[in-house]
Amino acid sequence: MPVLNTFRTENTTVFTGAQIVAAPPKQEAKSVLTAAKPFLTGSIAGCFSTCCIQPMDMIKVRIQLNAASGAAASPVGIASKMIAEEGVASLYAGLSAGLTRQVVYTGSRLGLYDVFTDKAKEANGGKPLPLHQTALCALAAGGIAAGGGNPADLSL
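Now for a look at the structure at hand. (Residues numbered from 1 in each chain as written. Predicted model: local features only at pLDDT ≥ 70, side-chain atom pairs only at ≥ 80, totals over all residues. Heavy atoms only, no water.)

From N to C terminus, the chain includes four helices and two strands. Each helix (α) and strand (β) of the chain, taken in turn from the N terminus, gives the series β-β-α-α-α-α. By residue count, 22% of the 156 residues in the chain fall in the buried class. Relative to all contacts within the chain whose residues are 6 or more apart in sequence, the contacts with residues 24 or more apart total 60%. As displayed, the chain offers around 10,900 Å² of accessible surface, 65% of which is attributable to carbon and sulfur atoms. (Helix = DSSP H or I, 4+ residues; strand = E, 2+ residues; numbered from the N terminus. Buried < 20%, exposed > 50% of the residue type's maximum accessible area, 1.4 Å probe, protein only. Contact = heavy atoms within 4.5 Å. Areas by Shrake-Rupley, 256 points an atom, 1.4 Å probe, with all protein chains shown as cover.)

Structure (structure tokens):
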């Protein structure tokens, strides 16, 4: 529907006439926070899981070291000994390396997966992705993240 008798002044457009048609809404570019959200949530989730599992991982490492030396012990016995001799903080030794790995690897893996699936859905006309395309997005995201997270893995 045409707009009749329009003219523009410095910062406004004045419409005179019987019909006024609204301009189509402009698509705003993604903000930095919106673009970083999948990466941040992936990093936070990975860090939370590492904080929860770190004591069990330390006990597992001690069990493996004891088994290598021929001394077998139960997980409860090892945890009790660690806490008695080294304190509760000993269960969280090496946490910084685990958190670094999670920020780099898990954050980029989950973030890239969201980016890749969004791009694939756009290319697919907004339709849900078939299994092979979803798997390809996951494989690409995991592979790129593993390459980036490898130095953090070496510090563990």
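Now that the structure has been shown, the text picks up again.
The biggest cluster of nonpolar side chains holds six residues, and these are Met58, Ile59, Ile78, Ala79, Met82 and Leu91. When contributions to this core are tallied by element, the ones reaching two or more residues are helix 1 (32–69) and helix 2 (75–86). In terms of residue count, the dominant contributor to this core is helix 2 (three residues). Filtering out sequence-adjacent residues up to four positions away, Leu91 remains in contact with Gln54, Pro55, Met58, Ile59, Met82 and Ile83. (Core = buried A, V, L, I, M, F, W, Y, C linked by side-chain atoms within 4.5 Å.)

A grouping of Leu33, Leu40 and Ile44 is seen on the molecular surface, where their side chains present a nonpolar patch of about 330 Å² in accessible area. Ile44 gets classed as exposed once you look at its relative accessible area, which sits at 58%. (Patch = residues over 30% accessible without salt bridge, like charges linked within 9 Å, V, L, I, M, F, W, Y side chains within 5 Å. Salt bridge = Lys/Arg side-chain N within 4 Å of Asp/Glu carboxyl O.)

Right, let's talk about the packing of helix 1 against helix 2 for a bit. Packed helix pairs are characterised by how far apart their axes lie and by the angle those axes make with each other. Two elements in contact, helix 1 and helix 2, have axes whose closest approach is 10 Å; the angle formed by their N-to-C orientations is 105 degrees. Looking at the two axes, helix 1 sits roughly perpendicular to helix 2. Contact with helix 1, carried on its side by Met58, Ile59, Arg62, Ile63 and Asn66, involves Pro75, Ile78, Ala79, Met82 and Glu86 of helix 2 and no other residues of that element. A breakdown of the residues in the contact of helix 1 with helix 2 according to their chemical character gives seven nonpolar, one polar and two charged. (Axes fitted to C-alpha atoms, helices over the stretch in contact; angles between N-to-C directions. Parallel < 35°, antiparallel > 145°, perpendicular 65-115°, else oblique. Nonpolar A, V, L, I, M, F, W, Y, C, P; charged D, E, K, R; others polar.)

This part takes up helix 2. Its twelve residues place the ends of helix 2 16 Å apart at the C-alpha level, agreeing with the 16 Å of an ideal helix rising 1.5 Å per residue. In this structure, the buried residues of helix 2 make contact with helix 1. Taken from the residues just after helix 2, Gly87 is the one with a positive phi, measuring 95 degrees. (Expected span 1.5 Å × (residues − 1).)

The tally for this structure, following the rule as stated, stands at two salt bridges. Residue Asp57 is joined to Lys60 by a salt bridge in which the shortest nitrogen-to-oxygen separation is 3.2 Å. With a gap of three residues between them, Asp57 and Lys60 both fall in helix 1, about one helical turn apart. Look at Asp57 and you get partly exposed, because its relative accessible area is 31%. Linking Arg62 and Glu86 is a salt bridge whose minimum nitrogen-to-oxygen distance equals 3.0 Å. Within this pair, whereas Arg62 is found in helix 1, its partner Glu86 is found in helix 2, the two being separated by 24 residues in sequence. Overall, the relative accessible area of 24% leaves Arg62 in the partly exposed class.

Tracing the backbone shows Gly142 in helix 4 (residues 131–155). With 37 residues separating them along the chain, Gly142 and Tyr105 place their C-alpha atoms 8.4 Å apart. Excluding residues that lie within four positions of it along the chain, Gly142 makes contacts with Tyr105 and Arg109.

In a regular helix each residue adds 1.5 Å, so 38 residues correspond to 56 Å; helix 1 covers 52 Å between its end C-alpha atoms and thus fits that length. The sharpest bend along helix 1 comes to roughly 45 degrees, located at Ile53, with the proline Pro55 sitting one to four residues further on. Inspection of helix 1 places Pro38, Gly42, Ser43, Gly46, Cys47, Thr50, Gln54, Pro55, Met58 and Ile59 among the buried residues, and these make up the whole buried set. Tucked inside the fold, the buried residues of helix 1 contact helix 2 and helix 3 (95–123). Directly beyond the C-terminal end of helix 1, a positive phi value near 95 degrees is found at Gly70. (Bend = angle between axes of the 7 residues up to and from the residue.)

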